[in-house]
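For reference, the chains in residue letters:
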Amino acid sequence: MVNGMIKKIAIGLVVVLAVAIVATFTWKEMEKEKINKQISDQIEQELAPYNLEKEKIQTDLEQLEINYDRELGKGTVVILFPDISEKIYTEFYPILNEYGYKAALTVSQEQFPGKEGCLTAEQFQELLNAGWNYCIQWHEDVPLEKWVFNFKNSLRSMRISASNIMYFPSGMYQQKYDRALEAFGFKAAVHHGEEGRPVVEMSGEGNVWHLGVAKMGEEGTQELLEKAILEKGAMALSIEFDQEEETEEVDEEDILYSRLNTLEPHTKSERLQIVGFADVKAYLNDKETRAVSAEENRRVKKEELENALAEVQKQIDDVYVKYGK
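A quick note: this is a predicted structure, and the numbers were derived from the prediction, not measured. In this convention, every chain numbers its residues from 1, walking through the sequence in written order. Only residues with pLDDT of at least 70 are given local features in this predicted model, and only at 80 or more are side-chain atom pairs given and counted; all residues enter the totals for whole chains, interfaces and linings. The basis for every side-chain value is the complete set of heavy atoms in the structure, and neither hydrogens nor water enter the calculation.

Participant: It is not clear to me how the side chain of lysine 287 should be interpreted in this structure. Could you clarify?
Facilitator: The helix count covers DSSP runs of H or I at least four residues long, the strand count covers runs of E at least two residues long, and both are numbered beginning at the N terminus. As for its position among the elements, lysine 287 is in helix 9 (residues 287-322). With a 1.4 Å probe rolled over the protein chains alone, any residue whose accessible area is under 20% of its type maximum counts as buried; one over 50% counts as exposed, and the rest are partly exposed. When charges are counted, Lys and Arg are positive and Asp and Glu negative, with His and the chain ends excluded. In the sections that follow, a salt bridge refers to a side-chain nitrogen of Lys or Arg positioned within 4 Å of a carboxyl oxygen of Asp or Glu. This buried residue, lysine 287, is left without a salt bridge; glutamate 231 holds the nearest opposite charge, at 6.9 Å. Whenever a nitrogen or oxygen atom comes within 3.5 Å of another N or O atom, the pair is scored as a polar contact, on the condition that within protein one atom can donate a hydrogen and the other can accept it, and that pairs from neighbouring residues in sequence are kept only if both atoms are in side chains. A polar contact of 3.3 Å, which involves the side chain of lysine 287, links it to the backbone oxygen of glutamate 231. Two residues form a contact once any of their heavy atoms are found within 4.5 Å. In this structure, lysine 287 is in contact with Met202, Glu231, Lys232 and Gly233, ignoring residues within four places of it in sequence.

Structure representation (structure tokens):
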């Protein structure tokens, strides 16, 4: 019986000792976790300003690339009406104003200010005063020299300054015309990609520079627009209204809104600019200079930011070393 009691006491002592050991271990672990949390909190507190600075620098580096891309330029487009229909003033002009866009007109013998169905001389001049511009369309059935002389006289009689931009309808442009255009004071030829010329132009060089035009809504035009945006090139987009059937009425205002809505997201994101002919020439001529300047600005700023990032990372590493992490 005595032995039994001793055995029970011994078992009790073992249990108590085991509980005490477990309790001590648990307490030590809790204390260890408490200390580790205090250290972690302290590290986090010390790292906070460095992490914020690091995040800001990384954001600045990302923005630097965006700014660099913008400094290189943007897609450049001339909105072109291949006529001077009176509807341009009465219906389309207010719509373009809603978007903040200006456009270019095309004047020819048939489409001339004051003629029936065309803009009046006053309306035409008002559009020019508002920042619109225009080009001239030559018809091959009249010798260029005689045609230019008579046409410029007609413009002069209406107190309209003659444009130095020649527009060629689709399929009409030939490179051989450039010499004649230069001789008669023309500075640019607007074409439709004839003779292998690119519709999206990347250079404004030459005594006669070139600008391709594509019809909005036509197959392939959207791809050309994307090319102009991505490659920072220039082109013209013509707005024309065709009826699928002679008896079918086309809501031209709805079509115009649709066309302009394809441009608006790009202009709002500053990937695209809508300009006049003269601005295209200046933009293209300045392209190389702009690229050199943008590259230098990017190099200097990137070096500054990368040095600052390396310094902040060193400060972050020093905090971890301080706490043996």
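Participant: Sorry if this is basic, but what is going on with the packing of helix 6 (residues 221-231) against helix 7 (residues 252-268) here?
Facilitator: For any two helices packed against each other, one specifies the crossing angle of their axes together with the interaxial distance. To get an axis, a line is fitted to the C-alpha atoms, and for a helix only the part in contact is used. The angle between two axes follows their N-to-C directions and goes from 0 to 180 degrees. For the pair helix 6 and helix 7, interaxial distance at closest approach is 12 Å and the crossing angle is 15 degrees. In terms of orientation, helix 6 and helix 7 fall into the roughly parallel class. For the element pair helix 6 and helix 7, the recorded crossing hand is right-handed. Residues Gln222, Leu225, Glu226 and Ile229 of helix 6 lie in contact with helix 7, whose contacting residues are Thr262, Leu263 and His266. In this count, Pro and Cys sit with the nonpolar residues alongside Ala, Val, Leu, Ile, Met, Phe, Trp and Tyr, while Asp, Glu, Lys and Arg are called charged and the others, Gly among them, polar. Partitioning the contact of helix 6 with helix 7 into residue classes produces three nonpolar, three polar and one charged. Any angle that is under 35 degrees is reported as roughly parallel, and any over 145 degrees as roughly antiparallel; angles of 65 to 115 degrees are reported as roughly perpendicular and all others as oblique. Helix crossings fall into two classes, left-handed where the near helix is turned counterclockwise from the far one by less than a right angle and right-handed where it is turned clockwise.

Participant: Got a minute to help me understand helix 4 (residues 144-157) in this structure?
Facilitator: Helix span is expected to be 1.5 Å times the residue number reduced by one. Between its first and last C-alpha atoms helix 4 spans 20 Å; for 14 residues at 1.5 Å apiece the expected length is 20 Å, and the two agree. Listed as buried for helix 4 are Leu144, Trp147, Val148, Phe151 and Leu155. An end-on view of helix 4 places all buried positions within 95 degrees of arc, on one side of the element. With respect to the buried face of helix 4, the exposed residues turned more than 90 degrees away are Glu145, Lys146, Phe149, Arg156 and Ser157. Looking at the buried residues of helix 4, the elements they touch are strand 2 (103-107), strand 3 (133-137), strand 4 (165-167) and helix 5 (177-183). Each C-beta atom gives one direction from the helix axis, and the arc is the one those directions make.

Participant: What exactly am I supposed to notice about the pairing of strand 2 here?
Facilitator: Consecutive side chains along a regular strand alternate between the two faces of the sheet. Within strand 2, five of the five residues are buried, which leaves it mostly tucked inside the rest of the structure. The alternating pattern of strand 2 places Ala103, Leu105 and Val107 and Ala104 and Thr106 on opposite faces, both of which are buried. When strand 1 (residues 75-80) meets strand 2, the two strands line up parallel, connected through two bridges. The residue of strand 2 that forms the bridge with leucine 80 is alanine 104. Note that strand 2 and strand 3 share four bridges and pair parallel. Within the sheet, the bridge partner assigned to alanine 104 lies in strand 3 and is asparagine 133. The parallel pair strand 2 and strand 3, bridged by helix 3 (residues 121-129), forms a crossover whose chirality is right-handed. Note on pairing: DSSP must find at least two bridges between two strands before they are called paired. When the strands point away from the viewer and the path from the first strand over the helix to the second turns clockwise, the crossover is right-handed.

Without other data, these values stay purely geometric and don't point to any function.
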